[in-house]
Amino acid sequence: MHRASEIWGRLLDGMMVAACLLLLFMTLLIGADVGLRNFARSGISWSNEVSEYLLYVVTLLAAPWLLRAGQHIRVDVVLRVLPARVGWLLEWVGDILGLGCSVYFVWYGWKVMAASYCTGAVSIKTLVLPEWWLMVPMPLAFVAVSVEFVFRMWRLAKAERTPRADAVSAS
């Protein structure tokens, strides 16, 4: 399990690098669009739409890595005030609820994506795309988040019976 966790961590690192590169591309695209609009009196007509899609994809690519790094939103102040064992148990509650929510989003995302595919829905803006293409990242990303929650629970089971030390903002 330790080896699988290491490999998984490298995959998440790769996803975060991809998210960073997409964010860089989006920044350059917006800059080019603004520059062209100001200096050439023409822009990149699809830049706003692609930027919207990229924000969505970047968020979903980064989410599992942020969870693994402990950079997600948490209420660690409460965990530090409670007795260590209670804080540790609340870590379990949070992970179990997080896993449950993630699995729900996998199911829901798959259901919505399949319905969109079956109906042949199309997104018509500047670009015309099959709607289901836009929905593919959500269930995939939440599969990754679900897997990370399983690894978090494995690490929590092996750790000292205290709240996690990652991303602690309270002393």
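Look a little higher up for the structure.
Along each chain, numbering runs from 1 in the same order as the chain's sequence is written. Residue-level local features of this predicted model are given only where pLDDT is at least 70; pairs of side-chain atoms are given and counted only at 80 or more, and the full residue set underlies all totals for whole chains, interfaces and linings. To obtain the side-chain values, all non-hydrogen atoms of the structure were included, while hydrogens and water were left out.

**Q** Describe the nonpolar core, listing the residues and the values that go with them.
**A** Among the nonpolar cores identified, the biggest contains 11 residues, and these are Trp8, Leu12, Met15, Met16, Ala19, Val58, Leu61, Ala62, Ala144, Phe151 and Trp154. Elements with a minimum of two residues in this core: helix H1 (2–39), helix H2 (47–69) and helix H6 (137–158). Not counting the four nearest positions on each side in its chain, Met16 is found in contact with Ala62, Trp65 and Leu66. In terms of nonpolar packing, the next biggest core, distinct from the first, is built from 6 residues, Leu60, Leu67, Phe142 and Phe149 among them. What makes a nonpolar core is a set of buried Ala, Val, Leu, Ile, Met, Phe, Trp, Tyr and Cys residues whose side-chain atoms join them at distances within 4.5 Å. Per-residue accessibility, obtained with a 1.4 Å probe over protein chains only, is compared with the maximum for each type, and a residue is labelled buried under 20%, exposed over 50%, and partly exposed between these values. Secondary structure counts use DSSP, requiring at least four H or I residues in a row for a helix and at least two E residues in a row for a strand, with both numbered from the N terminus. Here, two residues are considered to be in contact whenever any of their heavy atoms come within 4.5 Å of each other.

**Q** Would you mind going over the packing of helix H4 (residues 84–119) against H6 in detail, with residue names and values included?
**A** Under this scheme, a helix contributes an axis fitted over its contacting stretch, all axes are lines through C-alpha atoms, and angles between N-to-C directions fall in the 0 to 180 degree range. Packing of H4 against H6 leaves a shortest axis separation of 8 Å and a crossing angle of 160 degrees. In this view, H4 runs roughly antiparallel relative to H6, as classed from their interaxial angle. Pair H4 / H6 crosses with left-handed handedness. Among the residues making up the contact of H4 with H6, the classes are represented as 19 nonpolar, 5 polar and 3 charged. Roughly parallel means an angle under 35 degrees; roughly antiparallel, over 145; roughly perpendicular, 65 to 115; everything else is oblique. Crossings are sorted by hand: turned counterclockwise from the far helix by less than a right angle, the near helix makes the crossing left-handed, and turned clockwise it makes it right-handed. Classification convention: Asp, Glu, Lys, Arg as charged; Ala, Val, Leu, Ile, Met, Phe, Trp, Tyr, Cys, Pro as nonpolar; all other residues, Gly among them, as polar.

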